[in-house]
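In case you want the letters, here they are:
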Amino acid sequence: MRTNKKEAGAADFTFEGKRVSFPVYEGSRGERALDISALRRETGLVTYDPGLVNTGICSSDITFVDGEKGLVLHRGCNIEDLAEQCMFLEVAYLLIMGKLPTLDEQSKFSSLMNEHSLIHEDMQHFFRNYPEHAHPMAVLSAMVVSLSSFYPEMDTESVTERIDNTVARLLSKVRTLAAFSYKKFIGEPFVYPSYKLRYCENFLNMMFSSPVHDYIIDPVVEKALNLFLILHADHEQNCSTTVVRTVGSSGANLYASISAGICALWGPLHGGANQAVIEMLDTIHESGDSVAKVIQAAKSKDSKIRLMGFGHRIYKAYDPRARIAKKACKSLLEHLRLSDPLLDIAVELEEAALRDPYFQEKNLYPNVDFYTGIAYRAMGIPSNMFTVIFAIGRLPGWIAQWLENSRDAEQKLMRPRQIYTGIAQQVFVNTKDR
Ligand code: SDX
């Protein structure tokens, strides 16, 4: 059972002469929430909070993010420890099952992953009918929602009873679907998953091996991919996770909810930023524009330009994931003996922005998307696959949050209110009289 919220007093509110008291809760890391669930009943008012900037939609035991201190905890474990010492599947297990797996649990989880790594042969026809330029995120979202048609037992099978089966099936098949969409995009034959390979080894092999040349998996690249997937594994109530919870709240199945989350992640303000960062750095490199000019444009109210990979709704300090990603990116390029001018531009951009009063006053720092694309590029992954990598990483977080939502007795169908500002009333006019 999840720990309950702790009552921490109340807040009084007076409106039109009526005084109402609302309870205040305190979470296990001291953040506090005002419970307004009785607001409309007691006052007739609804809240107005575009972007849900000030609104907590749930209590959760999964991830804690302290934006002021730049802290991320998954089930209480520091992201730095997990990134340094775990494989991605261990963190996936921690998020979903609530504890790090024993060696025996790990091997059982891995064999389930192998058991479920193939997709139905008929699903391959879907890939063939996509145009060459189809974005892999569009393909991934469509394929994930289609999984429940090919595996109807996933729909009926109570997700919680056989959670290990459901989770392994999704985590494993999404990796295969992602690799297949890449092969489709480059017009090469699909490479099947191998039971001999670990999670990230399998992905790299399905992406890069081919009938005409061997692909030797570099253990340093495999470890780097594990680390980057861990950095994306969960991040409390971000946009796409809120979508996954919202879709699940209607009773839609897990696969439909995840498919919707993939679409939300695709946007350049969210997970699509990692692709937008590389495109921004590439434009700077190709145009020869100075970093100062780019910073100026990003600050200007008139330009739509933003410094992609910078800024965050929660962080008013350096995103700890960005710090880890920057270090991992640099060591990967050193190992591969690659020097990427885009990394030099990114470092120069970061230094210039962090010195600039505009970015300082608005507490704008690099976020998780700022350096990851440079590492993916070094691995040979094309930029339109960057957000797919983000989705693979985020999948365990989405599943854990969806499950928590489905088990939370306080949760109900998500259905926010609004303030209506349209025409108050008008007389209906028949077509002939318009
Ligand atoms: C992710 O929520 C999560 O946890 C997300 C994520 C996860 O793991 O799930 O961490 C992953 O999505 C990271 C964010 C990736 N997106 C980008 O890198 C896109 C660039 N960043 C921005 O668009 C922006 O910072 C957002 C969208 C991320 C957050 O924006 P908010 O919270 O809505 O803040 P805002 O747009 O109101 O900005 C506040 C001020 C504004 O200036 P004023 O109107 O107050 O004068 O800061 C400015 C903004 O113009 N600003 C930027 C900026 N980000 C904010 N100015 C220039 N460049 C930027 N990047």
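For the structure, see preceding data.
Residues numbered from 1 in each chain as written. Predicted model: local features only at pLDDT ≥ 70, side-chain atom pairs only at ≥ 80, totals over all residues. Heavy atoms only, no water.

A. Quick look at the sheet that holds strand β5 (residues 71-74). The three strands lie next to each other as β4-β5-β6, forming an open sheet whose pairing is antiparallel. Edge positions in the open sheet fall to β4 (63-66) and β6 (77-78), since each of these has one partner strand only. Pairing between β4 and β5: four bridges, direction antiparallel. Opposite Phe-64, over in β5, you have Leu-73 as the bridge partner. (Pairing = 2+ DSSP bridges. Helix = DSSP H or I, 4+ residues; strand = E, 2+ residues; numbered from the N terminus.)

B. Up close: the nonpolar core. In this structure, Phe-228, Ile-258, Leu-281, Leu-307 and Leu-349 are the most contacted members of the largest nonpolar core, which totals 117 residues. In terms of residue count, helix α19 (residues 386-407) provides more of this core than any other element does, twelve residues in total. Phe-228 has contacts with Ala-325, Ala-328, Cys-329, Thr-372, Ala-375, Tyr-376 and Met-379, leaving out every residue within four places of it along the chain. (Core = buried A, V, L, I, M, F, W, Y, C linked by side-chain atoms within 4.5 Å. Buried < 20%, exposed > 50% of the residue type's maximum accessible area, 1.4 Å probe, protein only. Contact = heavy atoms within 4.5 Å.)

C. Geometry of the site of the ligand. Close to the ligand lie 24 residues; His-235, His-312, Arg-313, Arg-321 and Arg-394 are nearest. The contact in question runs from an oxygen atom of the ligand to an N or O atom on the side chain of His-235, over 2.6 Å. Expressed as a share of its isolated accessible area of 1,000 Å², the protein-covered part of the ligand is 77%. Along the lines of polarity and charge, the residues of the shell around the ligand split into ten nonpolar, seven polar and seven charged. (Near = heavy atom within 4 Å. Polar contact = N/O pair within 3.5 Å; in protein donor to acceptor, adjacent residues only side chain to side chain. Areas by Shrake-Rupley, 256 points an atom, 1.4 Å probe, with all protein chains shown as cover. Nonpolar A, V, L, I, M, F, W, Y, C, P; charged D, E, K, R; others polar.)

D. Focus on the pairing of strand β2 (residues 18-26). The pairing of strand β1 (residues 6-15) with β2 spans eight bridges and is classified as antiparallel. By the bridge assignment for β2, Ala-11 is matched with Phe-22. In this antiparallel pair of consecutive strands, β1 and β2, the connection spans two residues, and Glu-16 shows a positive phi of 50°. Note: β2 against strand β3 (residues 32-34), three bridges, orientation antiparallel. Following the sheet pairing, Val-24 is matched in β3 by Leu-34. In textbook terms, the turn of a hairpin is the stretch between consecutive antiparallel strands, and for β2 and β3 this stretch comprises five residues, one of which, Gly-30, has a positive phi near 90°.

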